[in-house]
Amino acid sequence: PNRSLPCSEMEHFTDSSSNLDDHYLRPEWRRFLCDIRKSRPFRKEDLIVMGIVVEGAEGKVERVFDIANKKYYARKTFFLRPSFHLHILRELEVLREIYEHNCKEKESPLLKILDIEYIPGYSFSIIMEYGESDLRAYNRYRRTGGLLWTERELNEIHNQISNQILTLKKLGIFHRDIKPDNII
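These numbers come from a predicted model, not from an experiment.

K.L.:
What am I meant to see in the pairing of strand S1 (residues 47-55) here?
P.N.:
Along a regular strand, successive side chains alternate from one face of the sheet to the other. In the sheet, S1 pairs with strand S2 (residues 59-66) via seven bridges, with the strands oriented antiparallel. Across the sheet, the residue bridging to Val54 is Val61, located in S2. Counted between consecutive antiparallel strands, the loop separating S1 from S2 contains three residues.

See the structure below:
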């Protein structure tokens, strides 16, 4: 069963995932989770899983559909393993930094985080904006149709990627896996 962490009183879970539980209990995380929940544009019961986008040993990304708002989102799920907690804690900190940045900036080049779900001892999920395509797939689509990139289009893509990297750098974040598949 999913446990949404309440804004008022945080539960302390007593399972093997105490590192994550302690992290969730920190005051800045309580504020972060409450802020996300207040601005969430959907109700969890309105989300339907449409399919798996990618799946690996550490987790999966699913495409979910909000039946009330007729909108797609991505749900990134990590399966919890004791040796994996440090990786999740790092990702959580990065996501909190990005969320706080997006709240301050009107036009942010970074994906918006919309919700966080935690199932103690089992999984941790992040719901965010869904990008219809990545750069590799879009490039393949264009080539199949015989469309070549213009210099102006390539400059625009380069500027967008550069702006995203600079934004992350300003936040003290180094993205260790920049590739066309990860550019939405």
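K.L.:
Teacher, can you tell me more about the environment of Leu114 here?
P.N.:
Looking at the element boundaries, Leu114 is found in strand S4 (residues 113-119). When its relative accessible area of 14% is taken as the criterion, Leu114 is described as buried. Leu114 sits 81 residues away from Leu33 along the chain, and the two C-alpha atoms are 9.9 Å apart. When neighbours within four sequence positions are excluded, Leu114 is seen to be in contact with Ile36, Arg40, Pro41, Phe42, Tyr73, Ile127, Met128 and Glu129.

K.L.:
Looking at this structure, I do not really get the pattern of salt bridges. What am I missing?
P.N.:
Pairing between side chains of opposite charge can happen when the charged atoms of each approach one another. What the rule picks out here adds up to eight salt bridges. Close ionic contact of Arg43 with Glu45 constitutes a salt bridge, the shortest N to O distance being 3.4 Å. We classify Arg43 as partly exposed; its relative accessible area is 47%. Relative accessible area serves as the criterion here: at 58%, Glu45 is assigned to the exposed category. With its nearest N and O atoms 3.1 Å apart, the salt bridge here joins Arg43 to Asp46.

Thresholds applied
Residues numbered from 1 in each chain as written. Predicted model: local features only at pLDDT ≥ 70, side-chain atom pairs only at ≥ 80, totals over all residues. Heavy atoms only, no water. Pairing = 2+ DSSP bridges. Helix = DSSP H or I, 4+ residues; strand = E, 2+ residues; numbered from the N terminus. Buried < 20%, exposed > 50% of the residue type's maximum accessible area, 1.4 Å probe, protein only. Contact = heavy atoms within 4.5 Å. Salt bridge = Lys/Arg side-chain N within 4 Å of Asp/Glu carboxyl O.

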